[in-house]
Amino acid sequence: MNLKRLVLGVQYDGTPWHGWQTQLSGNTVQDRLQQALFKFTQSDITTHCAGRTDTGVHAIEQVVHFDTPLDRPISSWVRGLNTHLPPSIAVRWATVARLDPQHEFHARFSARSRTYHYLLYNNPIRSPLWNDKAGWVFRPLDLDRMREAAQSLIGTHDFTAFRSADCQAKSPVKMMHEVALTRRDDLIVIKLHANAFLHHMVRNLVGSLIYVGTGRQPVDWLSELILQKDRHLAAPTFSPHGLYLAKIDYDPKWELPQTPA
């Protein structure tokens, strides 16, 4: 049987779902995508993603791959799957993985880095329009203090202080390429770009940056947390609702039709 490796770019609103990874409840993004694949192909297909997301976390572009013997036009994969998906999940693009004689494309293991965006609504009064789409901070945030504190995160560090107790990663050492904070009126976007992330790492970092932004902790607090390697000393895990998996970076040789984050 001649199998092809299909790659999908999937976007979803994580609010109604219990994260990406399949569960007995069937109420996950992976479950619904595989149900759509079964309806479209009449065969059981297992999918593999670039990075699992938790309950309530959104994806601007999750990358997924699976193997199939079916030969159908690429456009029909997009239209056909979206016909069977709920409004909160959509396949944005599809492609056949480029053949490489030395390496086989894998959504997770071929990824070179990942980018997350965290959206904060910073206003004394909560907004129902941003409910489940942004984290809310009612106290004023000083972005200059947060930017200065974020510089201590750049580079290769042991991020144990920002790691969930349930994290299954083999090593807490990760390379942070960029942390950028921008503001437009009451909305703040925190962009984090690293080679990989630990479980809850982004939400734990955001919570600690907020402590600095409100003046609860000094600017050099994050650098101290990195050295102390104690999760109990950092801020609590912040809300999942403002977290977006924005972009997975791959070698250009794979020629994926990705869109800008």
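Starting from 1, residues in each chain are numbered consecutively following that chain's sequence as written. It should be noted that, the model being predicted, local features are given only for residues of pLDDT at least 70 and side-chain atom pairs only at 80 or more, the latter also being counted only at that level, while totals for whole chains, interfaces and linings use all residues. The side-chain figures draw on all heavy atoms in the structure; neither hydrogens nor water molecules are used.

Colleague: Is there a simple way to explain the overall build of the protein chain in this structure?
Modeller: Secondary structure assignment for the protein chain yields 5 helices and 10 strands. Every radius of gyration here is taken over C-alpha atoms, with the globule rule written as 2.2 Å times N^0.38, N being the number of residues. On C-alpha atoms alone, the protein chain measures out to a radius of gyration of 19 Å, which is about the 18 Å that the 2.2 N^0.38 rule sets for 261 residues. Taken along the three principal axes of its C-alpha coordinates, the protein chain extends 60 × 45 × 35 Å. Between buried and exposed lies partly exposed: a residue is buried under 20% and exposed over 50% of the maximum accessible area for its type, with that area taken using a 1.4 Å probe on protein chains only. The 261 residues of the protein chain split such that 50% are buried. Once local pairs closer than 6 in sequence are excluded, the contacts in the protein chain between residues at least 24 apart make up 70%. For the protein chain, the accessible area works out to roughly 13000 Å², and carbon and sulfur atoms hold 51% of it. We treat Lys and Arg as the positive residues and Asp and Glu as the negative residues; His and chain ends play no part in the count. Note that the charge is assigned to NZ on lysines, CZ on arginines, CG on aspartates and CD on glutamates. When the 29 positive and 24 negative side-chain charges of the protein chain are each reduced to one mean point, those points stand 3 Å apart. Put simply, DSSP H or I for four residues or longer makes a helix, DSSP E for two residues or longer makes a strand, and each gets a number counted from the N terminus. Contacts are assigned to residue pairs with any non-hydrogen atoms lying within 4.5 Å of each other. Note that accessible areas follow from Shrake-Rupley with a 1.4 Å probe, and for residues the cover is restricted to the protein chains shown.

Colleague: Quick question: what am I supposed to make of the packing of aromatic side chains here?
Modeller: What counts as a ring pair is set by centres within 6.5 Å for rings of Phe, Tyr and Trp (its six-membered ring), and what kind of pair is set by the plane angle: stacked under 30 degrees, edge-to-face over 60, tilted for all other angles. Under the counting rule described, the total for this entry stands at 10 aromatic pairs. Relative to Trp221, the ring of Tyr211 has its centre 5.8 Å away and its plane inclined at 15°; by these criteria the two rings are stacked. Note that Tyr211 is positioned in helix H4 (residues 201–213) and Trp221 in helix H5 (residues 221–228), a separation of 10 residues in sequence. Through successive ring pairs, a cluster of aromatic residues spans Phe40, Phe66 and Trp77. We call a charge positioned over a ring when the NZ of a Lys or the CZ of an Arg lies within 6 Å of the ring centre and within 35 degrees of the ring normal. The residue whose ring lies beneath Arg72 is Phe40, and the NZ or CZ to ring-centre distance is 4.5 Å.

Colleague: I keep staring at the pattern of salt bridges and nothing clicks. Help me out?
Modeller: Any two side chains of opposite charge can pair, so long as their charged atoms come close to each other. By definition here, a salt bridge exists when the distance from a side-chain nitrogen of Lys or Arg to a carboxyl oxygen of Asp or Glu is within 4 Å. Inspection of every chain in the model, using the stated rule, returns 7 salt bridges. Close ionic contact of Arg5 with Glu104 constitutes a salt bridge, the shortest N to O distance being 3.6 Å. You can see Arg5 sitting in strand E1 (residues 4–12) and its partner Glu104 sitting in the loop between strand E4 (89–96) and strand E5 (113–122), a full 99 residues away along the chain. Residue Arg5 is classed as buried on the basis of its relative accessible area, which comes to 14%. On the accessibility criterion, Glu104 (58% relative accessible area) is exposed. We note a salt bridge from Glu178 to Lys191, for which the minimum N-O separation is 3.3 Å. One end of the pair, Glu178, is in strand E8 (residues 173–184); the other, Lys191, is in strand E9 (residues 187–194), and 13 residues separate them in sequence.

Colleague: Teacher, can you tell me more about H4 here?
Modeller: For an α-helix, the turn length of 3.6 residues means that residues three or four places apart are oriented alike. Helices are assigned an expected span. That span is 1.5 Å times one less than the residue count. Taking 1.5 Å of rise per residue, 13 residues should cover 18 Å, and H4 covers 18 Å from first to last C-alpha, within 8% of that figure. Burial within H4 is extensive, with 13 of its 13 residues counted as buried. Gly215, located one to two residues past H4, shows a positive phi value of around 85°.

Colleague: It is not clear to me how the layout of surface pockets should be interpreted in this structure. Could you clarify?
Modeller: Unfilled space is identified by rolling a water-sized probe across the atoms. Definitions used for this entry: grid spacing 1 Å over protein atoms alone; cavity, a set of points where a 1.4 Å probe fits but cannot get out; pocket, an open set with protein on both sides within 12 Å along at least 5 of 7 lines; lining residue, one with an atom within 4 Å of a point. Grid points are joined across faces, edges and corners, and a volume is the space filled by probe spheres set on the points. Computed from the structure, the largest pocket encloses a volume of approximately 1200 Å³. What lines the largest pocket is a set of 38 residues, among which Gly51, Arg52, Arg108, Phe197 and His199 lie closest to the centre. Of all elements in the fold, only strand E2 (48–49), E5 and H4 reach the threshold of two or more residues within the lining of the largest pocket. When residues of the lining of the largest pocket are assigned to their parent elements, the largest contribution, 3 residues, is made by H4. Within the lining of the largest pocket, the residues separate by chemical class into 15 nonpolar, 15 polar and 8 charged. Residues are grouped as follows: Ala, Val, Leu, Ile, Met, Phe, Trp, Tyr, Cys and Pro are nonpolar; Asp, Glu, Lys and Arg are charged; all remaining types, including Gly, are polar.

Colleague: Which parts of the structure should I look at to understand the side chain of Asn204?
Modeller: Along the polypeptide, Asn204 turns up in helix H4. The contact partners of Asn204, leaving out residues within four places of it in the chain, are Phe162, Arg163, Ser164, His199, Arg231, Pro236 and Thr237.

Colleague: For this particular structure, what's the right way to read the side chain of Asp31?
Modeller: Position of Asp31 among the secondary structure elements: in helix H1 (residues 29–41). In this structure, Asp31 is buried with no salt-bridge partner, the nearest side chain bearing the opposite charge being Arg32 at 8.4 Å. Between N or O atoms, a polar contact is any pair within 3.5 Å; within protein, one atom must be a potential hydrogen donor and the other a potential acceptor, and residues adjacent in sequence are included only when both atoms are from side chains. At a separation of 2.7 Å, a polar atom in the side chain of Asp31 contacts the side chain of Thr28. Discounting residues that sit within four places of it in the chain, Asp31 has contacts with Thr22, Gln23 and Gly26.

Colleague: Could you clarify how one ought to interpret the pairing of E1 in this entry?
Modeller: The two faces of a sheet get side chains in turn, since along a regular strand they alternate between them. Most of E1 is tucked away, with 7 of its 9 residues classed as buried. Following DSSP output, two strands are said to pair if at least two bridges run between them. Relative to strand E3 (residues 58–68), E1 runs antiparallel, the two being bridged by 8 bridges. Each bridged residue has a counterpart across the sheet, and for Lys4 the counterpart in E3 is Thr68. Examined bridge by bridge, E1 and E4 share 7 bridges and lie antiparallel to one another. Each bridged residue has a counterpart across the sheet, and for Leu8 the counterpart in E4 is Ala94.

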